[in-house]
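This is what each chain is made of:
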Amino acid sequence: MVVDDNKYLPRSFAAMFQVPDDARVSDVPFTTLKRHVRESRIALVTTAGIWNKDTADSFDYEREKREPLWGDPTYRVFGNDLRQEQVGAGHLHLNNDDVLADFNIALPIDRLRELVTAGEAGSAANHHYSFMGYQGGGPSGPDTTEWETRYVPEVVARMRDEGVDAVVVTPT
């Protein structure tokens, strides 16, 4: 199956967002769990750029519209009690209508709660995270410096402090 990363972009933008085949990462990082999933605390991370309208501001979509090769490197935090009506979505690289109809396609908190209730997962972390998956690019590729050196380490530290054993990343 061919996935069109630019399906929801105006076609005039598509060429700006093409990633050359030699720039794609071929190795998938994998770490073996130290304990069984039934004993693990699990956090969720999405790249859908969603936020909780009750507790956070949206990502900077206005700047992204003005500067199509830029992506907001910040993150948003969710509690386990997130409800559909609280979710905001405005990502310029995916169909937000789908996320606004069922946020679990981007951040499957309800599915994780069901797995915990069924005893298939140990516990859900108290906090889950959202990034804007698109981090820009250009002739030399994306500039992910701030994302890599500031925001990802912040989220990792928060998860460590919370005792997270495993992370499920739901890319868009």
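Sequence order as written defines residue numbering, which begins from 1 separately in each chain. Local features in a predicted model are, by the rule used here, given only for residues with pLDDT of at least 70; side-chain atom pairs are given and counted only at 80 or more, and totals for whole chains, interfaces and linings are based on all residues. Note that water and hydrogens are dropped before the side-chain values are worked out from all heavy atoms of the structure.

Asks: Hey, could you run me through the overall build of the protein chain in this one?
Replies: A helix here means a DSSP run of H or I that spans at least four residues, while a strand means a run of E at least two residues long, and both kinds are numbered starting from the N terminus. Scanning the protein chain from N- to C-terminus turns up five helices and seven strands. Starting at the N terminus and walking to the C terminus, you meet the elements of the protein chain as α-β-β-α-β-β-α-α-β-β-α-β. Looking at the protein chain as a whole, 39% of its 172 residues are labelled buried. Of all intrachain contacts in the protein chain linking residues separated by at least 6 positions in sequence, the fraction that spans at least 24 positions is 75%. Here, Shrake-Rupley sampling with a 1.4 Å probe gives the accessible areas, and only protein chains in the shown set may cover a residue. Counting every atom, the protein chain has about 10500 Å² of accessible surface; 52% of that belongs to carbon and sulfur. Each residue gets one of three labels from its accessible area relative to the maximum for its type: buried under 20%, exposed over 50%, partly exposed in between, using a 1.4 Å probe on protein chains only. Residues count as neighbours in contact if any of their non-hydrogen atoms are within 4.5 Å of one another.

Asks: Can you walk me through the pattern of salt bridges in this structure?
Replies: Side chains that differ in sign of charge can pair as their charged atoms come close. A side-chain nitrogen of Lys or Arg and a carboxyl oxygen of Asp or Glu constitute a salt bridge if their distance falls within 4 Å. Under the defined criterion, the tally for this structure stands at 10 salt bridges. Among the salt bridges present, the one from Arg-63 reaches Glu-67, with a minimum N-O distance of 3.1 Å. Here the salt bridges do not stand alone but share partners, grouping Glu-146, Arg-150 and Glu-154 into one network.

Asks: Could you clarify how one ought to interpret the packing of aromatic side chains in this entry?
Replies: Ring pairs (aromatic) are described by centroid distance and by the angle formed between their planes. Two rings from Phe, Tyr or Trp (for Trp, the six-membered ring) form a pair when their centres sit within 6.5 Å of each other. Planes less than 30 degrees apart are called stacked, planes more than 60 degrees apart edge-to-face, and all others tilted. The final tally for this structure, using the stated rule, is six aromatic pairs. Ring geometry for Tyr-75 and Phe-131: centres 5.9 Å apart, planes at 50°, overall tilted. Here Tyr-75 is found in strand β3 (residues 75-79), whereas its partner Phe-131 is found in strand β6 (residues 127-131), with 56 residues between them in sequence. Comparing Tyr-75 with Phe-131, the two get one shared label, buried. With a centroid separation of 6.1 Å and an interplanar angle of 70°, the aromatic rings of Tyr-75 and Tyr-151 are classed as edge-to-face. Remark: Tyr-151 occurs in helix α5 (residues 145-162) and Tyr-75 occurs in strand β3; sequence separation between them is 76 residues. There is no split in this pair, since Tyr-75 and Tyr-151 are both buried.

Asks: Before we go on, may I ask you to explain the pairing of strand β1 (residues 41-46) in this structure?
Replies: Looking down a regular strand, the side chains alternate between one sheet face and the other. The buried fraction of β1 is high, at five of six residues. Strand pairing is assigned whenever DSSP detects at least two bridges linking the two strands. Summarising the sheet, β1 and strand β5 (residues 123-124) pair through two bridges and their orientation is parallel. Within β5, the residue paired with Ile-42 across the bridge is Ala-124. With five bridges connecting them, β1 and strand β7 (residues 166-170) associate as parallel partners. Bridging across to β7, Thr-46 finds its partner in Thr-170. The pairing of β1 with β6 spans two bridges and is parallel. When the bridges of β6 are listed, Val-45 appears paired with Tyr-129.

Asks: When you look at α5 in this model, what are you seeing that I'm missing?
Replies: One full turn of an α-helix is made of 3.6 residues, so residues set three or four places apart face in the same direction. Between the first and last C-alpha of α5 there are 25 Å, a value that for 18 residues agrees with the 26 Å anticipated at 1.5 Å per step. What the bend at a residue measures is the angle between two axes, fitted to the seven residues ending there and to the seven starting there. The largest bend along α5 measures about 30° and falls at Tyr-151, with the proline Pro-153 one to four residues further on. All of the buried residues in α5 are Tyr-151, Val-155, Met-159 and Glu-162. One or two residues past the end of α5 sits Gly-163, with phi positive at roughly 75°. Take the residue count of a helix, subtract one, and multiply by 1.5 Å to get its expected span.

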